[in-house]
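Spelled out from the first residue to the last, the chains are:
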Amino acid sequence: MARLTSCNILQIAPEANRLWQFDAKAKSFVLGREQKIAEGAPLPARLVGKSWSSLWQPKLNVAWLPPEEVFLRVVELPKSNFDETRSMVELQLEKLSPLPVAQIVWTLHILEGAPHKKEGEAAGELQSVVVVIVSRAAVENFLGKLEERGFLADRLETPLLDQLEISPPATDGAWIFAGTHGKESALVTWWFGGALRNLSLIVLPPGSDRAQALKEQLSQIYWAGEVEGWLTGKPAWHLVADPVNAAEWEAWLRAALEEPVKVAHPVPAAELAARTAARASTAAPGIALLPEEFSTRYRQQFVDRLWLRGLIATGVVYAIAVVIYLAATNVLAHQAGALRDQVAQISGDYTNALQLQARYEVLKQRQQLEYAALDCWKIVAQQLPADLNLQRFSFHNGEKLSLNGICTQDQIGLISDPDKFYDAVRKAQVNGQPMFDPEAVEPLIWNQSGNTISWRFTLQLRHSEGEEQ
């Protein structure tokens, strides 16, 4: 954000299109201008367009995706850095996505807040991660509409993330955001233990008992929360809706829940836009909702436009000053045009090759991790004595295998004696090759408490993904 001078936030909505321009000052964005734009009208080029001044006064163009095109999922993952969190989300993406992975674009957002632990577990600290999933076809269609109106987006965002980021509630409960995906739909967020536990979309069928339909859907989510263990008490019910939707939704909720419902006004759109500007300006590089091929093309168009304007200006100056250079300028312009055409012809093949290479690397990594985990599981299952108690089997990032368990004093020989469980696993082979690196072996460790012995050891995979990289 230190380099940015301004950020434009564009909202395309049926009732109105709005454009906010924020100026970067100190460590925040200040609203400089808000403008409503009629449907189909062109956007003000001087606000959203980029010229030579954008090189030393860069601006960021951000567009809000239509809420009805956005899928939100929340997962609880071990607290780690962004790259490790992204890898953990990628491994679960097929389960999280409502569409095939090849047909979506996605990003993630780590909710700020205190780390937490699952109820009754002694595992490490967890963090709540919101996964944003959008159909690639919907994104491409939306970008096509923006291009027709002269808006080349640097990022695509959803204001729902900023709504979730606003100070986590101090009490456990369910917050129902009415009208987020249409008048007869609502986004329900479930906060327990200071963490976001679940995101649910409720859609009320037309022409039916709305209160009964709402009660059935909320009951299903309620029961699922009890089964999964994140619903640890009776929630307080909150309705967040504008005055147009608040009356109807409050009546439906009171009839469905037969409990008190607190009503609150939603955050103003301008404030959400300011939060989006701040978040987009500091977003971690890597995954984004804007496909890479579009951002590459937009950057190339910007560079080409600057070059073209420069050539025109240079041609005019030379034409006025020295007529003799006119012929040379035309030749250079023709050569530049031919070069751009040549680049345009090969850019598609080059981009496709990069995409295929990236997909191959992802598939290769998944295959290696899958088979490595299965081989480790098979070795442990084959070598584990029947009388031993294995408490934990951990496979870390495709690199390390950690085992721990308990046994009695007279059973420790089954683990530590030569060629017993520890040696057998350490020397195990797969396809005639050692599975684990003999130079990177942590010794067997055990602690005795009475007649019970707790043991553990860690092995480094010889051909792990981490070593290849």
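Residues numbered from 1 in each chain as written. Predicted model: local features only at pLDDT ≥ 70, side-chain atom pairs only at ≥ 80, totals over all residues. Heavy atoms only, no water.

### Examining the confidence of the model for the protein
Defined as follows: pLDDT expresses, on a scale from 0 to 100, how confident the predictor is about each individual residue. In this analysis, two residues are considered to be in contact whenever any of their non-hydrogen atoms come within 4.5 Å of each other.
The predicted model of the protein averages 83 in pLDDT, with 93% of residues at 70 or higher. Note on residues 464–469: pLDDT under 50 across the span, and 12 contacts to partners over four residues away in sequence or across chains.

### A look at a nonpolar patch on the surface
Under the convention used in this document: Patch members must show over 30% relative accessible area and no salt bridge, and they are joined within 9 Å when carrying like charges or within 5 Å when they are nonpolar side chains of Val, Leu, Ile, Met, Phe, Trp or Tyr. Accessible surface area values rest on a Shrake-Rupley calculation with a 1.4 Å probe, where residue burial reflects the displayed protein chains alone. By definition here, a salt bridge exists when the distance from a side-chain nitrogen of Lys or Arg to a carboxyl oxygen of Asp or Glu is within 4 Å. Put simply, DSSP marks the helices as runs of H or I at least four residues long and the strands as runs of E at least two long, and each gets a number from the N terminus on. Remark: exposure states derive from per-residue accessible area (1.4 Å probe, protein chains only) relative to the maximum for the residue type, with buried under 20%, exposed over 50%, and partly exposed in between.
There is a patch of nonpolar side chains on the surface, built from Leu308, Ile312, Val316 and Ile320 and spanning about 400 Å² of accessible area. The residue Leu308 is located in helix H9 (residues 292–321) in this model. Here Leu308 falls in the partly exposed class, since its relative accessible area comes to 42%.

### Some remarks on the sheet that holds strand S4 (residues 59–64)
Strand pairing in a sheet takes place through backbone hydrogen bonds and is either antiparallel or parallel in direction. Quick reminder of the rule: Pairs of strands are assigned from DSSP output, requiring at least two bridges between the strands. Only C-alpha atoms enter the line fits that serve as axes; for helices the fit covers just the stretch in contact. Angles between N-to-C directions range over 0 to 180 degrees.
One open sheet holds the 5 strands; their spatial order is S3-S2-S1-S4-S8, and the pairing between them is mixed. At either end of the open sheet lies a strand with only one pairing partner, and these are strand S3 (28–37) and strand S8 (155–157). Between one strand axis and the next, the sheet turns by 25° as a mean value, whatever way the strands run. Alignment of strand S2 (residues 17–25) against S3, held across 9 bridges, turns out to be antiparallel. By the bridge assignment for S3, Phe22 is matched with Leu31.

### Observations regarding the sheet that holds strand S12 (residues 236–240)
Strand order across the open sheet formed by 5 strands is S11-S10-S9-S12-S13, with mixed pairing between neighbours. Bordering the open sheet on either side are strand S11 (195–203) and strand S13 (261–264), each of which pairs with just one other strand. For this sheet, the mean angle separating the axes of adjacent strands, direction not counted, is 20°. Strand contacts of helix H6 (residues 210–228): strand S10 (185–192), S11 and S12, with the helix running at about 150° to S11, the strand carrying the most contacts. Strands strand S9 (173–178), S10, S12 and S13 of the sheet are contacted by helix H7 (residues 243–257), whose axis makes an angle of about 165° with S13.

### Quick notes on the environment of Gly405
Within the element layout of this structure, Gly405 appears in strand S15 (residues 400–408). Note: C-alpha distance between Gly405 and Asp154 (251 residues apart in sequence) is 52 Å. Excluding residues that lie within four positions of it along the chain, Gly405 makes contacts with Asn389, Leu390, Gln391, Ile453, Ser454 and Trp455.

### Digging into the packing of aromatic side chains
Selection rule: The aromatic pairing rule takes the rings of Phe, Tyr and Trp, using the six-membered ring of Trp, and pairs them if the centres are within 6.5 Å, calling planes under 30 degrees apart stacked, those over 60 edge-to-face and the rest tilted.
Under the counting rule described, the total for this entry stands at 12 aromatic pairs. On the basis of an interplanar angle of 65° and a centroid distance of 5.7 Å, the ring pair of Trp190 and Trp230 is categorised as edge-to-face. Separated by 40 residues along the polypeptide, Trp190 in strand S10 and Trp230 in the loop between H6 and S12 bring together distant segments of the chain. Of the two residues examined, Trp190 and Trp230, each falls in the buried class. Ring centres of Phe294 and Tyr298 lie 6.3 Å apart, and the angle between their planes is 65°; this geometry places the pair in the edge-to-face category. Here Phe294 and its partner Tyr298 are both found in helix H9, 4 residues apart, which amounts to about one turn of the helix. Each member of the pair, Phe294 as well as Tyr298, is classed as buried.

### Thoughts on the nonpolar core
This is how the line gets drawn: Note on terminology: a nonpolar core comprises buried Ala, Val, Leu, Ile, Met, Phe, Trp, Tyr and Cys residues joined through side-chain atoms within 4.5 Å.
Membership of the largest hydrophobic core comes to 37 residues, with the highest contact counts inside it found for Leu72, Leu143 and Leu156. For this core, the element with the highest residue contribution is helix H4 (residues 136–148), accounting for 4 residues. With residues up to four places along the chain from it excluded, the contact list for Leu156 reads Ala63, Leu65, Val139, Phe142, Leu143, Leu289 and Leu290.

### Remarks on H6
Threshold: The span one expects for a helix is its residue count, reduced by one, times 1.5 Å.
Along its 19 residues, H6 runs 27 Å from first to last C-alpha, staying within 8% of the 27 Å computed at 1.5 Å per residue. Residues of H6 that are buried sit in contact with S10, S11, S12 and H7. One or two steps after H6, the chain reaches Gly229, where phi turns positive at roughly 95°.

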